[in-house]
Amino acid sequence: MLKLYKFLRPYAGSVAAIFCVLMVQAYCDLSLPAYTSDIVNVGIQQKGIDEKVPYMISEEDLNRLLLFVPMERQETVREAYETSSGSSEIYVYDRDASEESGSEGNVLEISKEIREDGEKLDELSEILGKPMLLCAGFDSGSESAAEMERRMKEQMESGMPDVSRMSVYEIFEMMEGSQRDSVVAEIEEQFSAMPETMIEQSAAIYIQNAYEKIGVDTNRIETGYILRTGGKMLALAALGMIASIIVGLMASRVGAKVGRGLRKEVFRKVVGFSNGEFDKFSTASLITRSTNDIQQIQLLSVMILRMVLYAPIMAAGGIFKVFRTNADMSWIIALAVALIVTVVVVLFAVVMPKFKVVQSMVDRLNLVSREILTGLQVIRAFSTEKYEENRFDGANKDLTKTNLFVNRAMTFMMPFMMLIMNGIAVLIVWVGGHSINDGSMQVGDMMAFIQYTMQIIMSFLMICMISVMLPRAAVSADRVDEILISSTLIHDSDSPVHFGENGIGEVRFDHVSFRYPGAEEEVLHDISFTAEPGKTTALIGSTGSGKSTLVNLLPRFYDVTEGKITIDGVDIRDVSQKELRERLGYVPQKGVLFSGDIASNILYGNPEGSEETMREAAEIAQASEFIEEKQKKYQSPIAQGGSNVSGGQKQRLSIARAIAKHPDVYIFDDSFSALDYKTDVKLRNALKEKTAKSTVLIVAQRISTILHAEQILVLDDGKIVGKGTHRELLKNCEEYYQIASSQLSEKELENDMKEVG
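Owing to the predicted nature of the structure, the values given are computational and were not obtained by experimental measurement.

A. Representation of the overall build of the protein chain in the model. Scanning the protein chain from terminus to terminus reveals 31 helices and 15 strands. Carbon together with sulfur atoms contributes 54% to the accessible area of the protein chain, which is approximately 38400 Å² in total.

B. Region of the structure containing empty space enclosed by the protein. Taken as a whole and judged by the stated rule, the model has one cavity of 30 Å³ or more. Taken as a whole, the largest cavity encloses approximately 30 Å³ of empty space. The residue makeup of the lining of the largest cavity, split by class, is five nonpolar, no polar and three charged.

C. Looking closely at the sheet that holds strand S5 (residues 524-531). The sheet built from four strands is open, its strands ordered S5-S4-S7-S8 with antiparallel pairing. Of all strands in the sheet, those bounded by a partner on one side alone are S5 and strand S8 (570-571). The pairing of strand S4 (residues 507-514) with S5 spans five bridges and is classified as antiparallel. Directly across from arginine 508, in S5, lies its bridge partner threonine 530.

D. Quick look at the packing of aromatic side chains. Counted by the stated rule, this structure contains seven aromatic pairs. Where phenylalanine 509 meets phenylalanine 529, the ring centres are 4.6 Å apart and the plane angle is 15°; that geometry is what we call stacked. Of this pair, phenylalanine 509 sits in strand S4 while phenylalanine 529 sits in strand S5; the two residues are 20 residues apart in sequence, bridging distant segments of the chain. Looking at phenylalanine 509, the relative accessible area reads 2%, which means it is buried. Note on phenylalanine 529: relative accessible area 4%, which makes it buried. Three or more aromatic residues joined by ring pairs form one cluster here, namely Phe514, Tyr516 and Tyr558. When the ring centre of phenylalanine 499 is taken as reference, the NZ or CZ atom of arginine 583 above it lies at 4.6 Å.

E. Geometry of unusual backbone geometry. Phi at histidine 511 is positive, roughly 50°, even though this residue is not glycine. Of note, histidine 511 is situated in strand S4. With relative accessibility at 46%, the residue histidine 511 sits in the partly exposed group. Its identity is not glycine, yet aspartate 568 carries a phi of approximately 55°, on the positive side. Within the element layout of this structure, aspartate 568 appears in the loop between strand S7 (562-567) and S8.

F. Structural view of the pairing of strand S12 (residues 665-669). The buried fraction of S12 amounts to five of the five residues, a majority that puts the element mostly inside the structure. Burial along S12 is two-sided: Val665, Ile667 and Asp669 and Tyr666 and Phe668, pointing in opposite directions, are all buried. Relative to strand S13 (residues 695-699), S12 runs parallel, the two sharing five bridges. Each residue of the ladder has a partner; that of valine 665, found in S13, is threonine 695. Read from S12 through helix H27 (residues 677-690) to S13, the crossover connection turns out right-handed.

G. Broad picture of the pattern of salt bridges. Counted under the stated rule, the structure contains 23 salt bridges. For arginine 479, the salt bridge identified is with aspartate 293, shortest N-O distance 2.7 Å. Taken together, the positions of arginine 479 in helix H20 (residues 443-485) and aspartate 293 in helix H14 (residues 283-308) put the pair 186 residues apart, joining distant regions of the chain. You can call arginine 479 buried: its relative accessible area is 9%. Relative accessible area serves as the criterion here: at 0%, aspartate 293 is assigned to the buried category. For aspartate 568, the salt bridge goes to arginine 583, with nearest N and O atoms at 3.0 Å. Of the two residues, aspartate 568 is situated in the loop between S7 and S8 and arginine 583 in the loop between helix H22 (577-582) and strand S9 (584-587); the sequence distance between them amounts to 15 residues.

H. Spotlight on the pairing of strand S6 (residues 536-541). Of all six residues making up S6, six are buried, and the element is well covered by its neighbours. Side-chain alternation along S6 places Thr536, Ala538 and Ile540 on one buried face and Thr537, Leu539 and Gly541 on a second face that is also buried. Examined bridge by bridge, S6 and S13 share four bridges and lie parallel to one another. From the neighbouring strand, leucine 539 faces S13, where its bridge partner is valine 699.

I. Quick peek at the side chain of arginine 306. Position of arginine 306 among the secondary structure elements: in helix H14. Those residues in contact with arginine 306 that lie beyond four places of it in its chain are Leu22, Gln25, Ser244, Val247 and Gly248.

J. Just a nonpolar patch on the surface, in detail. Taken together, the side chains of Met241, Ile242, Ile245, Ile246 and Leu249 define a hydrophobic patch exposed on the protein surface, amounting to about 470 Å² of accessible area. Here methionine 241 lies in helix H12 (residues 218-271). Residue classification places methionine 241 among the partly exposed positions, given a relative accessible area of 49%.

K. Broad picture of H27. In a regular helix each residue adds 1.5 Å, so 14 residues correspond to 20 Å; H27 covers 20 Å between its end C-alpha atoms and thus fits that length. All of the buried residues along H27 are Thr679, Asp680, Leu683, Arg684 and Leu687. In a view along the axis of H27, the buried residues occupy a sector of 130°, so they form one face of it. The outward face of H27, more than 90 degrees from its buried face, is lined by the exposed residues Lys678 and Glu689. The inward-facing, buried residues of H27 contact helix H24 (611-620), helix H26 (647-660), S12 and helix H28 (703-706).

L. Representation of the nonpolar core. Of all hydrophobic cores here, the largest spans 70 residues; its most connected members are Val258, Ile297, Met417, Ile424 and Ile428. Among the elements that line this core, the one with the most residues is H20, at 16 residues. For methionine 417, the contacting residues outside a window of four places in its chain are Ile340, Val343, Val344, Leu461 and Cys464. Judged by nonpolar contacts, the second largest core, of 46 residues, contains Ala538, Ile620, Ala621 and Ile659.

M. Quick peek at a negative patch on the surface. Among the surface-exposed residues, Glu520, Glu521, Asp716, Asp717, Glu734 and Glu735 lie close enough to one another that they form a single negatively charged patch. Turning to its location among the elements, aspartate 717 is positioned in the loop between strand S14 (711-716) and strand S15 (719-724).

N. Molecular detail of the sheet that holds S15. Pairing within the open sheet is mixed, and its six strands lie in the order S9-S12-S13-S6-S14-S15. The sheet is open, and its two edges are formed by S9 and S15, each paired on a single side. Neighbour-to-neighbour, the strand axes of this sheet turn through a mean angle of 15°, independent of strand direction.

O. Region of interest: the side chain of glutamine 208. Looking at the secondary structure, you find glutamine 208 in helix H11 (residues 196-213). On the accessibility criterion, glutamine 208 (12% relative accessible area) is buried. Ignoring anything within four residues of it in the chain, the contact list for glutamine 208 reads Lys47, Ile49 and Thr218.

P. Inspection of the environment of leucine 744 at higher detail. In this structure, leucine 744 sits in the loop between helix H30 (734-743) and helix H31 (746-756). By relative accessible area, leucine 744 is classed as buried at 14%. A sequence separation of 40 residues divides leucine 744 from serine 704, and the C-alpha atoms of the two residues are 8.5 Å apart.

Q. Seen up close, the layout of surface pockets. Its volume calculated, the largest pocket comes out at about 1800 Å³. Along its surface, the largest pocket is lined by 40 residues, and Phe557, Tyr586, Pro588, Val592 and Phe594 are the ones closest to its centre. Looking at the lining of the largest pocket, the elements that each hand over two or more residues are helix H13 (275-280), helix H21 (547-553), H22, S9, H26 and S12. If you tally residues by element for the lining of the largest pocket, the top one is H22, at four residues.

Thresholds, definitions, all that
- Residues numbered from 1 in each chain as written.
- Predicted model: local features only at pLDDT ≥ 70, side-chain atom pairs only at ≥ 80, totals over all residues.
- Heavy atoms only, no water.
- Helix = DSSP H or I, 4+ residues; strand = E, 2+ residues; numbered from the N terminus.
- Areas by Shrake-Rupley, 256 points an atom, 1.4 Å probe, with all protein chains shown as cover.
- 1 Å grid on protein atoms, 1.4 Å probe; cavity = no way out; pocket = protein on both sides within 12 Å on 5 of 7 lines; lining within 4 Å.
- Points joined across faces, edges and corners; volume = space filled by probe spheres on them.
- Nonpolar A, V, L, I, M, F, W, Y, C, P; charged D, E, K, R; others polar.
- Pairing = 2+ DSSP bridges.
- Phe/Tyr/Trp six-rings, centres within 6.5 Å; stacked < 30°, edge-to-face > 60°.
- Buried < 20%, exposed > 50% of the residue type's maximum accessible area, 1.4 Å probe, protein only.
- Lys NZ or Arg CZ within 6 Å of the ring centre and 35° of its normal.
- Right-handed = clockwise from strand over helix to strand, strands pointing away.
- Salt bridge = Lys/Arg side-chain N within 4 Å of Asp/Glu carboxyl O.
- Contact = heavy atoms within 4.5 Å.
- Patch = residues over 30% accessible without salt bridge, like charges linked within 9 Å, V, L, I, M, F, W, Y side chains within 5 Å.
- Expected span 1.5 Å × (residues − 1).
- Arc of directions from axis to C-beta.
- Core = buried A, V, L, I, M, F, W, Y, C linked by side-chain atoms within 4.5 Å.
- Lys, Arg positive; Asp, Glu negative; His and termini not counted.
- Charge placed at Lys NZ, Arg CZ, Asp CG, Glu CD.
- Axes fitted to C-alpha atoms, helices over the stretch in contact; angles between N-to-C directions.

Quick look at the structure:
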């Protein structure tokens, strides 16, 4: 997982911007349940009345309220209200309607100063909360209020014979202040255990009745409140949608940049690999890591930015909102989270080991596919299609079985999650229903609690969905990082030196020995020779004698184990690889061409070369004849891998590419094997003139190719067993004589031996 964050680190600025936009989206999503609760609690149940105290009230109703307010606090209430002029900034009422409804006296309005002062408004709400509850109860004629009224009358009958005909308000008006305060205190004591929500609901009912008495249109208030709140919800939903779109776009851009950057870094690293690294990382594995693995990382990067960052924000915000809504049911959230974590831990304990082998199986499938496609002609020639099909089918079935196991195990996650979500919803309704019945919770609060709980569970569900992809992506990240942190065996010196300006290209092998990385035995033993400019040095020997290995040391495809190689007296390990290879013209055993045209392939090592240089190189390499026969000549297309030209043509174009570079040192690694004898002779004669001042190293299997070389080295089992010209070696080197006798006629051998003698 840390590797994934390492790959995202270069884009920290974009990630921070995405986080900020996610905060906006989370704010919008977390605000909607609260507004839903307000619509139900306030808009529907309270007719849109969200005041804690009546902003307008008739003088009669205010006097009734004051009967239940302690004497020392009545003045505070009276000072808060003033006589209304008949219109209000908040509500418009009809005085005629208020008179028809039986209201007497003036209509009082809360002062602007109190409305704008939150502390004073809260103080007034605290004073009038329970009085409004009492008045609402007495006015509604509820059973509890009727029972309380009956008890009061029984207590007052001894001193007031007509008390049975009086209302509660008339009884309280007849009491003295101190007596009334004691009765009010006793009543409030009975309501001390009453939930705050019940007091708020009763206050809203009282305010609604008070407004209706003075002619306020409560239907208009209700409609206005619902429309305003709904409008806010629509605005928040639109803002959340815009934020979600922006996050999606930004996350996609960052994910694409991560993929592009990783592919670039992996490619740059692989291009700098020595042959030792290619031996460690197979070609099939490198292809998988550069494509499938990076694709997994790119996809998960988008998911991390889009969902993994968002889920904790939503979960934390949802938990905060839940505690503000109803802390008594917070244990339900803890239960849901515990169940989800348990499911995830169990599934991952089963699935995680399998994730670690999926990518290696993809490597295996790619390797088998590549081998079959590359060797298709051989497979057809030997009629082994059935065997190869079975081999591919075996690798394919292994990968399929592993993927099926993982996917089948993960299919249990969603049903379990849905069961938990639905079970938690039922539990909330059951517990919330009892709370609503007890008056400690409102319907809207329970609806909001359900929504917040679902948001919290969905946050964990999102993390669980990502967790399905995370193990495989984590393995992919490790595999990609393994390439990026690998140190190549071939590297430039910290303070590289330079070749002299007047260098002539003299190559010297000084007691060179070499073994492949990890091998126990040496491939080359104590090799020493000098290849001089203007002369051809040829290497010949049996298969596996180390010829190609020796010439591969010169471009530093490998570094020597012992000894040193110098060009013009400078150790090639002290020179930068770029400067070293600029002086070399290398033609490998197998001609390699790139998609494009003939011209681009010939000038591949000298892109600034002129057309004359290109034609000259083609002429020397004996390639101009078949090029001129083509319709587009040098602009003729070359297919991928040079599949549309023959082996000999491919080899000649490879030789032309080296010639067009004008190097100081030519290396031909058995590069004439696909040429017929006539073309071989023409090419060597033309090449002799071109390389008159250059050092030439030729690896060959055919004696005819190296007959006229100034120096021939005979290798056997990694050692030089003969050194000299063709005729000298026939006389002095038994190994060379055996090779020559297998390729030359007896007459040719006799003539060569006579000339030596």
